[in-house]
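Architecture and fold: a report
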Amino acid sequence: SPQNDANPSQPPIIGGTHATPASTEPTINRGLERPAINSPSGISISYSPTPSFTWSVVEEAVEYQIQITNTTSFLHDLVENTLVQDTTHISQALRDGVYLWRVRSLDANGDASLWSDIRMLTIDTTDLRASETPLRAQWSGTALGWRRSA
């Protein structure tokens with residue numbers, strides 16, 4: 001992973017395929033509102049490897065920085081550290097596992113808000129709901145079951 005040359009103590013910078021990678025640590029503007037998480041919220045499960053992340057609009061923001069990690073810290077091993085100009089981000093393909101994510105707003109001066117609350121997301125593409133094979137209900141007279149359709 002490439003290191004942040006401007007500040008070697010910063011985590012590696014990894015961007016998504018449809019957004020600009022974040023490259024430097026901005027100055028914190030405590031007056032700039034931090035975004036509120038819309039979805040996935042709380043402790044969520046996604047059956048898609050490319051979940052959509054959404055948050056509230058911040059009036060003074062010109063872009064947002066989203067970070068996704070599969071560790072307990074946002075200091076190292078970021079899966080994504082991306083700048084986007086909208087309040088929605090579709091991640092790169094994520095492997096099955098547990099991820100933490102957060103977002104912050106950036107103003108026209110490049111100053112950043114504090115980070116949003118951190119949310120947890122589990123990616124589970126092995127669940128039956130993720131299957132492309134349709135399921136058919138089967139009634140045996142005493143029990144209802146499911147089987148894969150041919």
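Everything below is about the structure shown above.
Residues numbered from 1 in each chain as written. Predicted model: local features only at pLDDT ≥ 70, side-chain atom pairs only at ≥ 80, totals over all residues. Heavy atoms only, no water.

Let's shift gears to unusual backbone geometry. Cis geometry marks the peptide bond from Ser39 to Pro40; its omega dihedral reads -10 degrees. Of note, Pro40 is situated in the loop between β2 (37-39) and β3 (43-46). Not every positive phi belongs to a glycine, and Asp77 is a case in point at roughly 55 degrees. Considering the arrangement of structural elements, one finds Asp77 in the loop between β5 (63-69) and β6 (78-84). (Helix = DSSP H or I, 4+ residues; strand = E, 2+ residues; numbered from the N terminus.)

Moving on, we come to the pairing of β5. Judged by how many residues are buried, β5 sits mostly within the fold: 6 of 7 residues are covered. Judged from the 7 bridges that link them, β5 and strand β8 (residues 97-106) form a sheet pairing that is antiparallel. Pairing of Ile66 across the sheet is with Val103, part of β8. When β5 meets β6, the two strands line up antiparallel, connected through 6 bridges. Each bridged residue has a counterpart across the sheet, and for Gln65 the counterpart in β6 is Leu83. (Buried < 20%, exposed > 50% of the residue type's maximum accessible area, 1.4 Å probe, protein only. Pairing = 2+ DSSP bridges.)

Let us look at the pairing of strand β4 (residues 52-55). With 2 bridges connecting them, β2 and β4 associate as antiparallel partners. Paired with Ser39 across the strands is Thr54, a residue of β4. Relative to strand β7 (residues 88-90), β4 runs antiparallel, the two sharing 3 bridges. If you follow Phe53 over to β7, its bridge partner there is His89.

This part covers the nonpolar core. Counting residues in hydrophobic clusters, the biggest one holds 17 residues, and the most contacted among them are Phe53, Trp55, Tyr64, Ile66, Ile68, Trp101 and Val103. At the level of elements, β4, β5, β6, β8 and β9 (119-123) are the ones that each hand at least two residues to this core. (Core = buried A, V, L, I, M, F, W, Y, C linked by side-chain atoms within 4.5 Å.)

Within the fold, Arg104 resides in strand β8. Owing to a relative accessible area of 1%, Arg104 belongs among the buried residues under this scheme. For Arg104 and Leu32, which are 72 residues apart along the polypeptide, the C-alpha to C-alpha distance reads 9.5 Å. Arg104 has contacts with Glu25, Pro26, Ile28, Pro35, Glu63, Tyr64, Gln65, Ala112, Ser113, Leu114 and Trp115, leaving out every residue within four places of it along the chain. (Contact = heavy atoms within 4.5 Å.)

As a further point, take the packing of aromatic side chains. Overall, the coordinates contain 3 aromatic pairs when judged by the stated rule. Here the aromatic residues Phe53, Trp55, Tyr64 and Trp101 are joined through ring pairs into a cluster of three or more. Positioned above the aromatic ring of Phe74, the side-chain terminus of Arg102 is 4.1 Å from the ring centre. For the cation-ring pair, Arg102 lies above Trp115, with the distance from its terminal atom to the ring centre recorded as 3.9 Å. (Phe/Tyr/Trp six-rings, centres within 6.5 Å; stacked < 30°, edge-to-face > 60°. Lys NZ or Arg CZ within 6 Å of the ring centre and 35° of its normal.)

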